[in-house]
Amino acid sequence: MIGFIPKIIFNGILTGGIYALVAMGFTLQYGVARVLNLAHGEFIMFAAFSTLSLYVLFGINPLLSLAIVALGFWIIGFLLHSSLFRRLLKSSPSPGAFESSSLLAAFGLLFVIQATAKIIWPGLPWRVTFLAYPIRILGVQVMANQVVALSFAICIALAFYFFLMRTRMGKAIRAAAEDRATAGFMGINTDRVLALCFGLGASLAGVAGVLYSTCYSVSTNMGMNYTLMAMIVVVLGGLGSVPGAFIGGLILGIISEILNWTQPLFAMPVFYVIFIILLLVRPTGIMGKR
Amino acid sequence: MNIATFASKRFLVPMVLVLIVVLLATAPLYTALGTIPLMTTILMYIILAVSWTMFSGPTGYISLASAAFFGCGIYASALLFERGAALLPLPAVIVMGGLAASCFALIVGLATLRLRGIYFTMFSFGLLELARRLFQYYEFYVTGVRGRYVGNVDGNTVYYIMLAILVATLLTVYFIRRSRLGLAMQGIGKNEEAAAHMGVNTTKVKVLTFALSAFFMGATGAIVATRWLYVDPTIAFNLNYSFLPLLMAIVGGVGQPYGPVIGGFAFAYLRHVLQSKTPYYFMLVFGAIMVLVILFLPGGLVSLIERGRHRLEGLMSKLWKGAEAEQHADT
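Basis of the calculations
- Residues numbered from 1 in each chain as written.
- Chains lettered and ligands numbered in written order.
- Predicted model: local features only at pLDDT ≥ 70, side-chain atom pairs only at ≥ 80, totals over all residues.
- Helix = DSSP H or I, 4+ residues; strand = E, 2+ residues; numbered from the N terminus.
- Rg over C-alpha atoms; globule rule 2.2 N^0.38 Å.
- Buried ≥ 20, exposed ≤ 12 C-beta atoms within 10 Å, placed from the backbone.
- Contact = placed C-beta atoms within 7 Å.
- Axes fitted to C-alpha atoms, helices over the stretch in contact; angles between N-to-C directions.
- Parallel < 35°, antiparallel > 145°, perpendicular 65-115°, else oblique.
- Left-handed = near helix turned anticlockwise from the far one by under 90°.
- Nonpolar A, V, L, I, M, F, W, Y, C, P; charged D, E, K, R; others polar.
- Core = buried A, V, L, I, M, F, W, Y, C linked by C-beta atoms within 7 Å.
- Domains from an automatic or database assignment.
- pLDDT = per-residue confidence, 0-100.
- Expected span 1.5 Å × (residues − 1).

### With respect to the overall build of chain B
- Summing up its helical and strand segments, chain B has 15 helices and 4 strands in all.
- The globule rule puts the C-alpha radius of gyration for 331 residues at 20 Å, and the 22 Å found for chain B is close to it.
- Principal axes of the C-alpha set define a box for chain B whose edges measure 90 × 55 × 40 Å.
- Taking all 331 residues of chain B together, 43% fall into the buried category.
- Of all intrachain contacts in chain B linking residues separated by at least 6 positions in sequence, the fraction that spans at least 24 positions is 79%.

### Here's the deal with the overall build of chain A
- Counting its secondary structure elements, chain A contains 11 helices and 2 strands.
- The order of α-helices and β-strands along chain A, N terminus first, is α-α-α-α-β-β-α-α-α-α-α-α-α.
- Relative to its length of 290 residues, chain A is compact, with a C-alpha radius of gyration of 19 Å against a globular reference of 19 Å.
- Each of the 290 residues in chain A was classed as buried or not, and the buried ones make up 51%.
- Contacts in chain A between residues at least 24 apart in sequence constitute 78% of all its contacts with a sequence separation of at least 6.

### What about the packing of helix α2 (residues 40–58) of chain A against helix α8 (residues 190–215) of chain A?
Residue and element names in this part refer to chain A.
- Two elements in contact, α2 and α8, have axes whose closest approach is 7 Å; the angle formed by their N-to-C orientations is 50 degrees. Looking at the two axes, α2 sits oblique to α8. The element α2 and its partner α8 pack so that their crossing is right-handed. From α2, H40, F43, I44, M45, F46, A47, A48, T51 and L52 reach across to α8, where they touch A202, A205, G206, A208, G209, V210, Y212 and S213.
- In terms of residue class, the contact of α2 with α8 is built from 12 nonpolar, 5 polar and no charged.

### As for the nonpolar core
- With 192 residues, the main nonpolar core has L21(A), V22(A) and M24(A) as its most contacted residues.
- Non-local contacts of L21(A), meaning those with residues more than four positions away in its chain, are made with A153(A), I156(A), A157(A), L204(A), V207(A) and A208(A).
- Counting residues in hydrophobic clusters, the runner-up holds 6 residues, among them A184(B), I188(B), A195(B) and V205(B).

### Considering the domain arrangement of chain B
Residue and element names in this part refer to chain B.
- As far as domains go, chain B holds domain 1 (1–30) and domain 2 (32–240).
- Between domain 1 and domain 2, the C-alpha centre-to-centre distance is 29 Å.
- At the junction of the two partners, domain 1 supplies 5 residues and domain 2 supplies 6 residues.
- Residue assignment for the side of domain 1 that touches domain 2 shows that the elements contributing at least two residues are α1 (3–25) and α2 (27–30).
- A total of 3 residues in the side of domain 1 that touches domain 2 trace back to one element, the largest contributor, which is α1.
- Here the residues of the side of domain 1 that touches domain 2 are counted per class, giving 5 nonpolar, no polar and no charged.

### Remarks on the packing of helix α3 (residues 35–59) of chain B against helix α7 (residues 155–177) of chain B
Residues and elements named next belong to chain B.
- Packing of α3 against α7 leaves a shortest axis separation of 9 Å and a crossing angle of 25 degrees. With respect to α7, the axis of α3 lies roughly parallel. Crossing of α3 over α7 shows left-handed handedness. The segment α3 lies against α7, with I36, P37, M39, T40, L43, M44, I46, I47, V50, S51 and M54 engaging G155, N156, V158, Y159, M162, L163, I165, L166, T169, L170 and V173.
- Taken together, the residues of the contact of α3 with α7 break down into 17 nonpolar, 5 polar and no charged.

### A short note on the interface of chain B and chain A
- Contacts between the two partners involve 32 residues from chain B, matched on the other side by 36 residues from chain A.
- When residues of the side of chain B that touches chain A are traced back to their parent elements, those giving at least two are α6 (117–143) and α14 (281–296) of chain B.
- In terms of residue count, the dominant contributor to the side of chain B that touches chain A is α6(B) (15 residues).
- Its residues assigned to classes, the side of chain B that touches chain A comprises 24 nonpolar, 6 polar and 2 charged.

### A look at the confidence of the model for chain B
Residues and elements named next belong to chain B.
- The share of residues in chain B with pLDDT of 70 or more is 96%, and the mean pLDDT across the chain is 85.
- No element of chain B has a lower mean pLDDT than α1, which averages 73, and none a higher one than helix α10 (residues 202–228), which averages 91.
- For this predicted complex, the interface confidence score (ipTM) comes to 0.84, while the overall pTM stands at 0.87.

### As for helix α13 (residues 259–277) of chain B
- Over its 19 residues, α13(B) extends 27 Å from the first C-alpha to the last, a length consistent with the 27 Å expected when each residue adds 1.5 Å.
- Looking only at α13(B), the buried set comprises G259(B), P260(B), V261(B), I262(B), G263(B), G264(B), F267(B), A268(B) and R271(B).

### Some points on the environment of T129(A)
- Here T129(A) shows up in the loop between α4 (95–120) and β1 (134–137).
- In the structure, T129(A) is positioned 88 residues away from S217(A) in sequence and 9.4 Å away in space, judged by C-alpha atoms.

### A few points about helix α5 (residues 144–166) of chain A
- Given a rise of 1.5 Å per residue, 23 residues ought to cover 33 Å, and the 32 Å separating the end C-alpha atoms of α5(A) matches this to within 8%.
- Among all positions of α5(A), only N145(A), Q146(A), A149(A), L150(A), A153(A), I156(A), A157(A), F160(A) and L164(A) are buried.

### Let's talk about unusual backbone geometry
- You will see that R34(A), though not glycine, has its phi angle at about 60 degrees, which is positive.
- Relative to the assigned elements, R34(A) resides in the loop between α1 (4–31) and α2.
- Backbone geometry places L229(B), a non-glycine residue, at a positive phi of 70 degrees.
- Along the chain, L229(B) turns up in the loop between α10 and β4 (230–231).

### Considering the environment of G201(A)
Residue and element names in this part refer to chain A.
- Here G201 shows up in helix α8.
- Given 29 C-beta atoms within 10 Å, G201 falls into the buried group.
- Once you skip the residues sitting within four places of it in the chain, G201 turns out to touch G25, F26, L28, Q29, N37 and G77.

### Section: the environment of A101(B)
Residues and elements named next belong to chain B.
- Here A101 lies in helix α5 (residues 90–112).
- Measuring from C-alpha to C-alpha, the distance between A101 and A236 comes to 13 Å, with 135 residues separating the pair along the chain.
- Discounting chain neighbours no more than four positions away, the residues touching A101 are F69, C72, G73, A214, F215, M217 and G218.

Shown next, in the form of structure tokens:
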């Protein structure tokens, strides 16, 4: 039993790394663009399937797909926001009305993306073997693809954090999240920043999907679980807080691996209880300021 | 005196409604074989859409938990109306299904309806998953059964019960709309803080209507289970029963009581037509319609109809006046 502990922790950090990417995208889309993207999980699923198709049909290495998907999804997200959500934002009488209508529009997207995936990739869960051989790190035997996925997840998350904190664009994004109107007065093109953020959120979801597909089998129904997970993580870390999403993701990943090891059927109810307690006691999250 | 307004407001509408109900009630006598099961399904979706709108329409709190209440009703039926071992007669089972869903909504509502807007939506989204896992856990570890067989009920009986539930739901919506409760809900939807300052106990109003709308979902679940014959937690707690009613209500339009009825009817029928030919395409079509409606027709199909009606009424009154003027000119 003792021998399993490092393995559980490693698996937990891997799952947590993917959750962190997912939740960071989700929280960015809500925190800046004010869209509670119910279709977020579907982006992950779509990215995972795209990677597999690229790998099977054209033999493109998943690590190369990482770049392709990240860019492609960013463009899709950017276009989605500048066509669909910007229009809604302009026509909504109040921020609250925009939150509802954008939620409903995202809900429509969920149907469209999931149905498209089911039409393109029908049938059972898919699985592709990529770097599927065991290696030893610090005396723990792990799969090579998991190590690769984990290191990419952490590097991308950190790179993203530094982009937000250290670059001019990141500053503009944070300003727009803080107060959109004032940011506009300061000469920031908020329309572009919001679309950019929505695109980045989609891009992060895409990256998470690619990394996921290198380690686990994928199915067209997996998206919903990830949307739910993203919600729990961002409530844990504070809705709109990027570092909160990262830390929340890691915590939840480790908890989920421990629960999966001991009580697989009980994992979801436990998360949910955490979720409820957090919502009721501390809706701003563990990292929240207010 | 103006015959047009008299006819449309006082007399015509109730009469047409009664006529529709009578036509629906006598449907098993004259419709072709196989129509009644389809009509039962359509009625089910209409009930779900209407009862979703009962709470979410006026208050603006988007609930994604319909399937959880629907599933509660299904499981009430599975436990109390098991094949060969029915504990209660059918009508009692249906009421129990509704009550089970109501109690669940009451507990959940008390805990969460203090949350505003987006947090409530997130919470309700996960509720279904929670309910499903809890039932799975319970069935797996405590009772040790995978699924349950539900007693068989004659198709026409199911249809009549469904129709009765729909009529009850619509009557409830109608009576609530202009009552204190209905006005309080609309107040919450417009401006919750202002409503609270006017002396509306917002949490109480929200929890009450949430539980009331759950009752009809649960009752529908209880009767539907008798058609499905076999249920397990995955079948009973299906996300689609949260999503489709919402979609139907939004596309139909939540501003008028008949909006979700139109949306429910149109989509349930469309689903039947598309699904028999190509699975999954209906989802694609539904999603696309949803996005387009949100973008270009925020009031739903109802707003289109209302706009048409206003234009028609304007035209009618103009004609009426014109005719009167001509009469005056003659004399």
